[in-house]
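# A closer look at the structure
The lines below spell out each chain.
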Amino acid sequence: QVHLEESGGGLVQAGGSLRLSCTASGDIFKVNDMTWYRQAPENERDLVATIARDGSTNYADSVKGRFTISRDNAKNMLYLQMNSLAPEDTATYYCNADVQVNRNCGFNYWGQGTQVTVSS
């Protein structure tokens with residue numbers, strides 16, 4: 001079993017910053033791609049940023065220059081530094097990871113999400 005748990009969400013004023021964290025725990029052989037998604041009420045779940053094990057990153061256009069994704073492979077942790085937050089960033093943020101449970105077998109996992117609310 002693998003468990004992903006997000007933390008760091010909360011209420012912040014527009015222009016402020018938050019740092020989200022995601023911890024992967026359980027029967028982990030290796031964590032490959034890790035991704036942050038977000039979902040606002042009545043919207044689809046959208047990709048925010050993704051980071052490969054080698055550190056290469058991709059961002060949604062809407063967050064480029066404001067958000068920074070990073071990871072700590074030794075601790076199986078994922079981070080999202082969010083700066084210059086705007087009300088349209090309000091959403092539930094989810095951690096997603098491709099996890100190998102052994103050398104030959106892997107699965108995709110989701111966390112339960114953490115709420116980010118940006119007030120104007």
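In case you missed it, the structure is sitting above this.
One structure accompanies this document, and this report is about it.

Cut-offs applied
- Within every chain, residues take consecutive numbers counted from 1 along the sequence as written.
- Reporting of local features is limited, given that this is a predicted model, to residues whose pLDDT is at least 70; pairs of side-chain atoms are given and counted only at 80 or more, and all residues count toward the totals for whole chains, interfaces and linings.
- Each side-chain value is worked out from all heavy atoms of the structure, with water and hydrogens disregarded.
- Per the convention used, a helix needs a DSSP run of H or I reaching at least four residues, while a strand needs a run of E reaching at least two, with both numbered from the N terminus.
- Residues are treated as being in contact if the distance between any of their heavy atoms lies within 4.5 Å.
- Note on disulfides: each one is a pair of cysteine sulfur atoms within 2.5 Å.
- For every residue, the accessible area (1.4 Å probe, protein chains only) is compared with the maximum for its type, and the residue is labelled buried under 20%, exposed over 50%, or partly exposed between those bounds.

### What to know about the environment of Y79
With respect to the secondary-structure elements, Y79 resides in strand β8 (residues 77-82). Here the alpha-carbon distance between Y79 and T68, two residues 11 residues apart in the chain, equals 8.1 Å. If near-sequence neighbours (up to four positions away) are discounted, Y79 is found in contact with R19, L20, S21, W36, T68, I69, S70, R71 and D72.

### Regarding the state of the cysteines
Using the criterion set out here, one finds 1 disulfide in the structure. The disulfide partner of C22 is C95, and the gap between their sulfur atoms is 2.1 Å. What sets the handedness of the C22 and C95 disulfide is the S-S torsion sign, and at about -75° it is left-handed. Here C22, found in strand β3 (residues 18-26), pairs with C95, found in strand β9 (residues 91-102); they are 73 residues apart in sequence, far enough to count as distant. Judged by relative accessible area, C22 falls into the buried class, the value being 0%. The structure places no disulfide on C105, whose sulfur is separated from the nearest cysteine sulfur, that of C95, by 19 Å.

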